[in-house]
Amino acid sequence: MPLSEKLNLHSYSLRKFKNKFFYVLCLICLIIAIVPLLSILFEVIVRGAPAINWQFLTGNGLRNNIGPAIQGTLILIGLTSAIGIPIGILTGVYLAEYGNNKYATWIRTINDILTGFPSIIVGITAYSLIVVGLTGTFSPMAGAVALAFIMIPIVARTTEESLKLVPNSVREASMALGIHRWRTTLSVMLPSAKGGLITGIVLAIARIAGETAPILLTILGNFYFFQGLNAPIDALPLRIYLSSRSHLQIEQTQAWGAALVLILIVLTLNICVRLASRGRNKGTR
């Protein structure tokens, strides 16, 4: 066999070995990451499933029912999304499309600070400004504002990065047809980056759904269904925190049950958002 063919064969064998090696390495890293997650999920299911029943999920006015907490969590997610998603998307669009100035640099810096901000500080700030200074009462609006400060940086960053991943030729082709830049951003760039936007929104919703510190200082909690935007409201993370501190075994079991319900709510929201976006994509095609 000629020397050149031997060298080519050796090079091919080496590349094949490297490919298999890094494939196995990535698989090992994936298993290392998934095993703790699955163990936590298994623990929540085993400990929380015995507490799940119709009265536990729908009861009102009792400490051992989480009906008001489920309703409060959904209300908080809705109010927070109504505040945080539009602001986050607009911020990300500005940074991606018009971000070559000093104002954009300041916004990115603030966004980075908010991303790493401890949630307890967000809760204290919302408590001082809204509960004490503005409304004088615990309320879902105060909780939604606090959670919005956690959601906005996540949505803004994912929106900016998703728009940057869209090839510049797409933008240039649209503007070459005489379409205004704002119209190009709205009708061409955002639909092209839809997958990244949806991922960012889903991640943000999953993050705020499990936050405890901000709502502990802003919504107070109660054992009744929704009584108004200016009245205290319950939520699953708050109920989990309070029940887990109890010395009673039944309340600790209920805390595990509430944690399982919270996981199922977040999972259901993620699936619904994905299915809705997929159906819309098929419709546009």
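Residues numbered from 1 in each chain as written. Predicted model: local features only at pLDDT ≥ 70, side-chain atom pairs only at ≥ 80, totals over all residues. Heavy atoms only, no water.

A. Structural detail: the packing of aromatic side chains. Within the structure shown, the criterion is met by five aromatic pairs. With a centroid separation of 6.4 Å and an interplanar angle of 25°, the aromatic rings of Tyr94 and Tyr98 are classed as stacked. Separated by four residues within a single helix, Tyr94 and Tyr98 lie in helix α3 (residues 67-98), roughly one turn from each other. The exposure class of Tyr94 is partly exposed, given its relative accessible area of 26%. For Tyr98, a relative accessible area of 34% translates into the label partly exposed. Centre to centre, the rings of Tyr103 and Trp106 are 5.6 Å apart; their planes meet at 85°, and the pair counts as edge-to-face. Taken as a pair, Tyr103 and Trp106 lie in helix α4 (residues 102-115) at a separation of three residues, close to a single helical turn. Three or more aromatic residues joined by ring pairs form one cluster here, namely Phe17, Phe21 and Phe22. (Phe/Tyr/Trp six-rings, centres within 6.5 Å; stacked < 30°, edge-to-face > 60°. Helix = DSSP H or I, 4+ residues; strand = E, 2+ residues; numbered from the N terminus. Buried < 20%, exposed > 50% of the residue type's maximum accessible area, 1.4 Å probe, protein only.)

B. Seen up close, the nonpolar core. The biggest cluster of nonpolar side chains holds 43 residues, and the ones touching the most others in it are Ile66, Ile89, Met151, Ile215, Ile219 and Leu236. Those elements giving two or more residues to this core turn out to be α3, α5 (119-135), α6 (140-165), α8 (181-192), α9 (194-209), α11 (236-244) and α12 (249-284). Apart from the residues lying within four places of it in its own chain, the contact partners of Leu236 are Ile66, Ala69, Ile70, Thr73, Ala258, Val261, Leu262 and Ile265. (Core = buried A, V, L, I, M, F, W, Y, C linked by side-chain atoms within 4.5 Å. Contact = heavy atoms within 4.5 Å.)

C. Spotlight on the side chain of Arg239. You can see Arg239 is positioned in helix α11. Of the polar contacts made by the side chain of Arg239, one reaches the backbone oxygen of Asn65; its length is 2.5 Å. (Polar contact = N/O pair within 3.5 Å; in protein donor to acceptor, adjacent residues only side chain to side chain.)

D. A look at the environment of Phe117. When you line up the elements, Phe117 lands in the loop between α4 and α5. For Phe117, a relative accessible area of 33% puts it in the partly exposed group. In sequence terms Phe117 and Ile150 are 33 residues apart; their C-alpha atoms lie 8.3 Å from each other.

E. Broad picture of the pattern of salt bridges. Enumeration according to the criterion identifies seven salt bridges in this entry. Of the charged contacts in the structure, one is a salt bridge between Glu160 and Lys164, with a shortest N-O distance of 3.0 Å. Placement of the pair is Glu160 and Lys164 together in helix α6, with a separation of four residues, close to one helical turn. Judged by its relative accessible area of 2%, Glu160 is buried. Put simply, Glu211 and Arg207 hold a salt bridge, and the shortest N to O gap is 2.7 Å. Judged by relative accessible area, Glu211 falls into the buried class, the value being 11%. Several salt bridges share partner residues, and in doing so they unite Arg108, Glu160 and Lys164 into one network. (Salt bridge = Lys/Arg side-chain N within 4 Å of Asp/Glu carboxyl O.)

F. Representation of the environment of Ile52 within the structure. With respect to the helices, strands and loops of the structure, Ile52 is situated in the loop between α1 (3-48) and α2 (54-58). The exposure class assigned to Ile52 is partly exposed, which follows from its relative accessible area of 31%. With 209 residues separating them along the chain, Ile52 and Val261 place their C-alpha atoms 8.5 Å apart. If we ignore the near neighbours within four places in the chain, the residues touching Ile52 are Leu57, Gly257, Leu260 and Val261.

G. Focus on unusual backbone geometry. Located in the positive-phi region is Leu220, a residue other than glycine, with phi close to 70°. Along the chain, the position of Leu220 falls in the loop between α10 (213-216) and α11. A relative accessible area of 43% means that Leu220 is categorised as partly exposed.

None of this, on its own, says anything about what the molecule does.
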